[in-house]
Structures are given as structure tokens and as C-alpha cells.
Amino acid sequence: MTKLLDINQLKKSFRQPEGGRLVVLDIPEFQIDKGEQVALIGQSGGGKTTLLHLIAGLLSPDQGSIRIAGHEITGLSEQGRDRFRAETIGYVFQTFNLLPAFTAIENVRLGMAFGSGKHQNARAADLLDRVGLKDRFNYRPSQLSVGQQQRVAIARSLAGRPQLLLADEPTANVDPSSADSVLLLIRDTCREEDVSLLTVTHDMQIASSFDRIEKLDEINQVDHTPASSA
Ligand SMILES: Nc1ncnc2c1ncn2[C@@H]1O[C@H](COP(=O)(O)OP(=O)(O)O)[C@@H](O)[C@H]1O
Ligand SMILES: [Mg+2]
């Protein structure tokens, strides 16, 4: 069976402010099937966000292969990666990243690179309806609760009909009482639209409801355990 995401021999390091390079990731292999929902867990500073950025093409690896829906993205130019991301990947940020000057429906429309204005409007309205914001189309982010803002961000991330949704601690800034429903919403919408899902979360209860839990320190050969002072 072909994998929706297929990572091989992936390495990433960063230049350190104090000189030298910090090796963050060395992942021999990691795969996600089409439609599969995977929870990624791991310690802070372990490289979870870096991995999501690499998969989204927001960062380039030092070496290795990242194939998404059969396309190798590591060889693409920055422009090529931007285009591929717009067509194939949705991203939900920890801090939502909504544009404050735009209304809910305008923010969702920004998630669509293609299609006529009429089509985009219908799609955005449908998604906002499905995330429970039918009566908030024309509200700006500052006029919405934090949980509602994250719902708009979820609608935006799915607007372009991605094959893969990446969510980086999507409930970290949402109050605990709405965290479960936000996660459930992401999962249900991905299932309805046959989108593969990779979510970073700290919540083991949430993680245990996914198809699979991946511990980053088990797939990553770099040891981020703080050195003991003994
Ligand atoms: N642009 C960067 N330059 C230098 N170091 C970075 C950069 N981005 C991340 N790092 C370092 O990489 C490590 C992993 O960061 P990150 O992927 O954000 O971890 P996580 O999301 O698991 O908390 C951290 O030690 C962080 O300081
Ligand atoms: Mg992170």
C-alpha cells in the first residue's frame, strides 16, 4: 500500500547562536497511511514543531527524503514547496495565526489558493457551518472567543481540501473545557473528508483515542534527554 507520508533518513540541524550546530532530528523512517490519524507526543524541545515544519515544506532538511502523496518535496524550490503546500497540506498552528483585519469567512477563504470566488465562498460557509460558527461569518478574530478562533483556523486549514492535515498542539491555547471538542472536530472533519492527520499533543487521553500514537523519541535517533549533572 502506498503511504500518504513517507519519510526516510531525515536529518535536520540548526546553527546555534553560540556557534556550532544543534542536531535536532535524525529519523530513519516514519510513515502515515492515507486517512490515518496519528498523535505525535514528545518532550518540549524534542523537535516536534521542526518535524511538522519539514513536512509542510516550511523548512528544508539537511538530508533525507519526504514523500507526500507520491511527490518528493525535498528537491522542490521554495516556490514549488509553497505551491505544493497550498494544494496538498493543511496546517493548524498553536496560536491560530488568523489575520485580525479579516472576518471569519474571509480568513477561511484565505486557505483556498484556487477556485472561483463563488465556489470559495460556498466552501468557506460550509466549513464554518460544520465547525459550529454559522452565525459568526462576519465576526473578526477579536470578536470571537479563543475556542471560536481556533475553530475558524481549523476551517481555514481544511478549506483547500488538503490530503494531509498537520496540527501543532492545536488545543494548547484553548481552555480545557473546549479542548476535547476542538480535537474531536479536527478528527471528525478529517474523517469526513478522507484527510490524513498528524497532531502534536501533550494530552495522553486525547492521544490514546487516535489510530496510532508515535513517540518522537522512539522514531528520532537524537537523544534530547537533558544530560544529568551527576
Ligand atoms: N530556527 C532555529 N534555530 C536554532 N535552533 C532552533 C530553531 N528552531 C528550533 N530550534 C531548536 O530545535 C529544538 C527543537 O525545537 P522544536 O521543534 O520547536 O521542539 P518542540 O516543538 O518539540 O518543543 C529546540 O532545542 C530549539 O531550540
Ligand atoms: Mg513545538
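Residues numbered from 1 in each chain as written. Chains lettered and ligands numbered in written order. Predicted model: local features only at pLDDT ≥ 70, side-chain atom pairs only at ≥ 80, totals over all residues. Heavy atoms only, no water.

A. Looking closely at empty space enclosed by the protein. Across all of its chains, the model carries one cavity of 30 Å³ or more by this definition. Considering only enclosed or pocket space, the largest cavity measures out at about 40 Å³ in volume. Around the largest cavity sit Leu54, Gly57, Leu59, Ser60, Pro61, Ile66, Ile73, Thr74 and Arg81, which together line it. Its residues placed into classes, the lining of the largest cavity shows five nonpolar, three polar and one charged. (1 Å grid on protein atoms, 1.4 Å probe; cavity = no way out; pocket = protein on both sides within 12 Å on 5 of 7 lines; lining within 4 Å. Points joined across faces, edges and corners; volume = space filled by probe spheres on them. Nonpolar A, V, L, I, M, F, W, Y, C, P; charged D, E, K, R; others polar.)

B. A look at the site of ligand 1. Around ligand 1, the surrounding shell consists of Phe14, Arg15, Leu22, Val24, Gln43, Ser44, Gly45, Gly46, Gly47, Lys48, Thr49 and Thr50. For ligand 1, an oxygen atom lies 2.8 Å from a polar atom in the side chain of lysine 48. Here ligand 1 has 560 Å² of accessible area as a free molecule, and 60% of this is covered by the chains. Elements with a minimum of two residues in the shell around ligand 1: strand 1 (3-15), strand 2 (21-33) and helix 1 (48-56). For the shell around ligand 1, the element with the most residues is helix 1, which contributes three residues. When grouped by side-chain class, the residues that make up the shell around ligand 1 number three nonpolar, seven polar and two charged. (Near = heavy atom within 4 Å. Polar contact = N/O pair within 3.5 Å; in protein donor to acceptor, adjacent residues only side chain to side chain. Areas by Shrake-Rupley, 256 points an atom, 1.4 Å probe, with all protein chains shown as cover. Helix = DSSP H or I, 4+ residues; strand = E, 2+ residues; numbered from the N terminus.)

C. Just the sheet that holds strand 8 (residues 196-200), in detail. What the five strands build is an open sheet, ordered 6-7-8-3-9; its pairing is parallel. Each having just a single partner strand, strand 6 (89-92) and strand 9 (212-215) make up the two edges of the open sheet. Direction aside, the axes of adjacent strands within the sheet are offset by 20° on average. As judged from the four bridges shared by strand 3 (residues 37-41) and strand 8, these two strands associate in the parallel manner. By the bridge assignment for strand 8, leucine 40 is matched with valine 200. Lying on the sheet, helix 1 is in contact with strand 3, strand 6, strand 7 (164-168) and strand 8; it crosses strand 7 at an angle near 155°. (Pairing = 2+ DSSP bridges. Axes fitted to C-alpha atoms, helices over the stretch in contact; angles between N-to-C directions. Contact = heavy atoms within 4.5 Å.)

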